[in-house]
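# Secondary and tertiary structure notes
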Amino acid sequence: MRFFRPIPTFPEVASYSFVKHSLANRCASQPRRRRPEELGVERRIRLRGMNGIAKGQVWESATLLRVGRIDLFEIVLNDDSVSRRHAEFRATEQGWRIGDLGSTNGTFLNGQRLGSGQWPLRVKDMVAIGDLTLVVEALEEERRDTETPPPDELRVEATAKSTWEAAIEGLALDSNRSPRPGEQLLALLRAGHHLVHIESEDELLKSILFDAVHVLDAQRGAIVLADGPDGALKPSKIMTGRGEPRAMAAGREVSGRPCFSQSAALRCFSRGESILCQSAQEDPELAVAQSIADGTMSSVLCVLLRTPRTRLGVLHLDRGPWQKPFTADDLHLADALAANVSFGIECSQLLRKQRDLFLNTITTLASTVELRDEYTGGHTLRVSNFSLMLGQKLQLTHADLEWLRVGTPLHDIGKIGIDDAILRKPDKLTPEEFEQMKTHTTKGAEILGTIPDLDPILPIVRSHHERWDGRGYPDRLAGEAIPRLARIVAVADAFDAMTSDRPYRRGMAPEVAFAEVQKQSGKQFDPECAEAFLAIRQQVMEAIRPNSVTSSRTTTRVAKMVKVG
C-alpha cells in the first residue's frame, strides 16, 4: 500500500488522509477485486427466443452475452428493430445483470424500458430486444469458495474525511497548507458571492457547478442531492466542460453516457467521505457503461456536500482520458468548495420547502372560494397557469414570477365575503348584485392586507378587473397606472371566463375568445399583454384541451366580453 506525502496535522483541525490502493499489489486485508470465476463462483444463464427469428433458439453463458447485429456478438439478431449494439447480459459479483447499450428502440425488462446502468435478472424475466422477445429460462450459481469475502465496490485512490470546519480552512490553504493560487481562490470566493446574490435554487446550483467544472478542468459535472423521504440521491444539475460540448438535461444521458457514477456517489454520501477514483475503468458499475467502453471517462471526483447539521448530497466531477487524472490536491480543493457552498444549498432548500408549504396553504385557502361556487370549479388553477405562461413570455424577473405564482391563486379570495345568494346564483346577476360582486376586489385586498409579507400581491387581488381604457373597477385606473402583474392576470382571468360554461350561457370556443382578446387589445387589455397572450396560443390550447368542452366547438356568433364577478 502506497501513501501520498503525509499532510501536517494541527490539533484544532481534523486532518485529511489520502490513501492510494494498487490493484496489482494489495495487502491481504484488501485483496484485489476478482472476477466471479476467480472467487470460485460459477454463474450461468440460459436464454430462449420466443418469437420472430429468435424463436426456439437457446443461448447459454457463464460470463457475457452481447445482443445486436454485429457478427462478433454472442447473440446475433439480424432484425431491423435491433440495433448493431443493442444490449448485454453480464455476470457480476452480485449476479446476472442486463444493460442497454444505447439502442434506438430500447431494451425492455418485463415491460419497463431500461435506463442507464445494469439491472438484476430473475428466472422467467421477459426481455424485449426491439420486436423480439427473450425469456430467462434458467439462472444457475455454484459457489465453491464460500469463505472469500466480497470485495469493495470501488477502486479508490484517495479519500478525504474531514469535518466541515476543516474543509472550510481549505478555502485559503491547499492540502500542503500553502496559500492557494489566485484562480482557485477567486473561484472559491465567487462561489461564496453566489450564495448571497442568487435567489433561485436552480440558478444557485448552476453557478456552483459552473465554477467547479471550470476551476477543476472537468469535462463533466453533476450535483446529486438527497431527495424525498427515503433520501435517495438524484441528479439536480448537470454541466459540461472541456471536451464535452453538448449540454445535458438533468439526470439524463447524452450518447449513452451516464452523467455520474451511482456507486461512487453512494459510497461518498453513505460513508461521509469525499473520494478520488483515478481510474474509472475499475469501477464495476461504470466499466460496463457506454461512456467507459468508449473511453470517455477516466478519472472521477466525488466530494461530500454537507453542513455541520446534515449531509446534503454529492458534487461529482470527471475527466476524460485526454486529460490528466485528478490528484489529491484537486480533491482537497473540491472538498473546500463543497463545504463553502453547502450552507447556501441548505438554505435554498429550506426556503423552497417553506415556499412550497406556503403555496400549498394558499392553494387550499383559494379552493374554499371554489367550494362555495360550484360553477367556477378549476377557475383558479387555470388562471394561475395562464398567468405564469404569460409572465414567462413577457420575461418577468424571477421575483415577479414568484409573486405571480403566489398572488394569482388568491385573486378571487375576496369572494369569501360575498353572500351565497349572489355567489351561487344560477342566473345572470342584476346590476345591483353585480355591484356587490365587484366588492370582492377590495374585500380581498383588505383580507390580505393584514399580512405584511403579502403586500406585493395586493395589486393583483385589488386591480385584476381594471381596464386599460380606465373603465374597470374598483379604482378606474388606466394604462400604466394599473400594476403590471394585475394586467397579466386580467387577460388570463377574462380568457378563462369567456371559455367556461355558466348556467345562463355556454362558454365560447377558444378561437373566438382569442379573437376577442385581440379585439380588446388597447381597450380592456394592456396591448403588450394581449399580444404576448396571443403568441402563446398553442401553449394555452394544450393546457385547456384535456378539460375543455368547448375546444372542438365552432361558432360564428359575435363574442361579447363577459362581466366576471
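One structure accompanies this document, and this report is about it.

Attention shifts here to helix α14 (residues 510-519). Within the span of α14, buried status applies to Pro510, Val512, Ala513, Phe514, Glu516 and Val517. In this fold, the buried residues of α14 make contact with α13 (484-499), α15 (527-535) and α16 (537-544).

Mapped onto the elements of the fold, Asp318 is located in strand β19 (residues 311-319). Side chain to side chain, Asp318 and Gln219 meet in a polar contact 2.7 Å long.

For the structure on display, the rule yields six aromatic pairs. With a centroid separation of 6.5 Å and 75 degrees between ring planes, the pair formed by Phe386 and Phe533 is classed as edge-to-face. Here Phe386 is found in helix α7 (residues 379-393), whereas its partner Phe533 is found in helix α15, with 147 residues between them in sequence. Each of the two residues, Phe386 as well as Phe533, counts as buried. With centroids separated by 6.2 Å and ring planes inclined at 85 degrees, the aromatic side chains of Phe434 and Tyr473 adopt a geometry described as edge-to-face. Taken together, the positions of Phe434 in helix α10 (residues 431-438) and Tyr473 in the loop between α12 (458-463) and α13 put the pair 39 residues apart, joining distant regions of the chain. On the basis of relative accessibility, which here comes to 15%, the residue Phe434 falls in the buried class. Taken together, Phe386, Phe495, Phe514 and Phe533 form an aromatic cluster joined through their ring pairs. Above the plane of the ring of Phe514 lies Arg537, whose end atom (NZ or CZ) is 4.5 Å from the centre.

Attention shifts here to the pattern of salt bridges. Inspection of every chain in the model, using the stated rule, returns 23 salt bridges. Notably, a salt bridge pairs Glu60 with Arg44, separated by 3.7 Å at the nearest N-O pair. Of this pair, Glu60 sits in strand β4 (residues 58-61) while Arg44 sits in strand β3 (residues 41-49), placing them 16 residues apart in sequence. Judged by relative accessible area, which is 44%, Glu60 ranks as partly exposed.

If you look at the biggest cluster of nonpolar residues, it comprises 34 residues, and the most contacted ones within it are Leu390, Leu404, Ile488, Phe495, Val517, Phe533 and Val540. Per-element tally for this core: the top contributor is α13, with eight residues.

Let us look at unusual backbone geometry. Looking along the chain, the bond that leaves Tyr473 and enters Pro474 is cis, with omega of 10 degrees. With respect to the secondary-structure elements, Pro474 resides in the loop between α12 and α13. Of note in this structure, Asp217 is not a glycine but carries a positive phi near 50 degrees. Classification of Asp217 by relative accessible area gives partly exposed; the value is 28%. For Gln395, which is not a glycine, the phi torsion comes out positive at approximately 60 degrees. Mapped onto the secondary structure, Gln395 falls in the loop between α7 and α8 (398-407).

Turning next to the environment of Gln94. Looking at the element boundaries, Gln94 is found in the loop between β7 (85-92) and β8 (95-100). Given the relative accessible area of 44%, Gln94 is considered partly exposed. Considered as a pair, Gln94 and Pro120 are 26 residues apart in the sequence and their alpha carbons are 8.4 Å apart.

Once that is clear, we can look at the packing of α8 against α13. Where α8 contacts α13, the two axes come as close as 11 Å, and the packing angle between them is 50 degrees. Considered as vectors, α8 and α13 are oriented oblique to each other. Of the two possible hands of crossing, α8 and α13 adopt the one that is right-handed. In this structure, α8 uses Asp400, Trp403 and Leu404 to contact α13, whose residues at the interface are Leu485, Ile488 and Val489.

Here is the idea: a disulfide is a covalent bond, and it sits between the sulfur atoms of two cysteines. Under the defined criterion, the tally for this structure stands at zero disulfides. Cysteine Cys302 is unpaired, with the sulfur of Cys268 as its nearest cysteine sulfur at 5.5 Å. Overall, Cys302 belongs to the buried group, its relative accessible area being 0%.

Okay, a nonpolar patch on the surface next. The grouping of Leu365, Ile416 and Ile447 at the surface amounts to a nonpolar patch, some 220 Å² of accessible area in total. Here Ile416 shows up in the loop between α8 and α9 (420-423). Ile416 sits in the partly exposed class, given a relative accessible area of 39%.

Let us look at the sheet that holds strand β6 (residues 75-76). Pairing is mixed in the open sheet, where five strands are placed in the order β6-β5-β7-β8-β11. In this open sheet, the two strands that pair with only one neighbour each are β6 and β11 (119-120).

Another aspect to go through is the packing of α13 against α14. Packed helix pairs are specified by the crossing angle of their axes together with the interaxial distance, meaning the distance between the axes. For the pair α13 and α14, interaxial distance at closest approach is 9 Å and the crossing angle is 140 degrees. By crossing handedness, the relation of α13 to α14 is classed as right-handed. Mapping the contact onto sequence places Val491, Phe495, Met498 and Thr499 in α13 and Pro510, Ala513, Phe514, Glu516 and Val517 in α14.

Scoring rules and cut-offs
- Counting restarts for each chain, with residues numbered from 1 along the sequence as it is written.
- Restriction of local features to residues with pLDDT of at least 70 applies here, the model being predicted, together with a cutoff of 80 or more for giving and counting side-chain atom pairs; totals for whole chains, interfaces and linings are based on all residues.
- Side-chain numbers come from the whole structure's heavy atoms, not from hydrogens or water.
- Only protein chains enter the calculation, and the probe is 1.4 Å; a residue is then buried if its accessible area is under 20% of its type maximum, exposed if over 50%, and partly exposed in between.
- Numbering goes from the N terminus for both helices and strands, where a helix is a DSSP run of H or I of at least four residues and a strand is a run of E of at least two.
- It only takes one pair of heavy atoms within 4.5 Å for two residues to be counted as in contact.
- Polar contacts, as counted here, are pairs of nitrogen or oxygen atoms within 3.5 Å of one another; within protein the pair requires one atom able to donate a hydrogen and one able to accept it, and residues that are adjacent in sequence qualify only if both atoms are side-chain atoms.
- Centre distance within 6.5 Å is the pairing criterion for rings of Phe, Tyr and Trp, where only the six-membered ring of Trp is used; planes under 30 degrees apart are then read as stacked, over 60 as edge-to-face, and the remainder as tilted.
- Two conditions define a charge sitting above a ring: the NZ of Lys or the CZ of Arg must be within 6 Å of the ring centre, and it must be within 35 degrees of the ring normal.
- The salt bridge definition used is simple: a Lys or Arg side-chain nitrogen within 4 Å of an Asp or Glu carboxyl oxygen.
- Nine residue types can take part in a nonpolar core, namely buried Ala, Val, Leu, Ile, Met, Phe, Trp, Tyr and Cys, and a core is a set of them joined through side-chain atoms within 4.5 Å.
- Simply put, an axis is a line fit to the C-alpha atoms, just over the touching stretch for a helix, and the angle between two N-to-C directions goes from 0 to 180 degrees.
- Any angle between 65 and 115 degrees counts as roughly perpendicular, while under 35 counts as roughly parallel, over 145 as roughly antiparallel, and the rest as oblique.
- Should the near helix be turned counterclockwise from the far one by less than a right angle, the crossing is left-handed, whereas a clockwise turn marks it as right-handed.
- Disulfide: a pair of cysteine sulfur atoms within 2.5 Å of each other.
- Note that patches include only residues with greater than 30% relative accessible area and no salt bridge, and the join distances are 9 Å for like charges and 5 Å for nonpolar side chains (Val, Leu, Ile, Met, Phe, Trp, Tyr).
- To measure how exposed things are, a 1.4 Å probe is used in the Shrake-Rupley method; for residues, cover is taken only from the protein chains shown.
- Note on pairing: DSSP must find at least two bridges between two strands before they are called paired.

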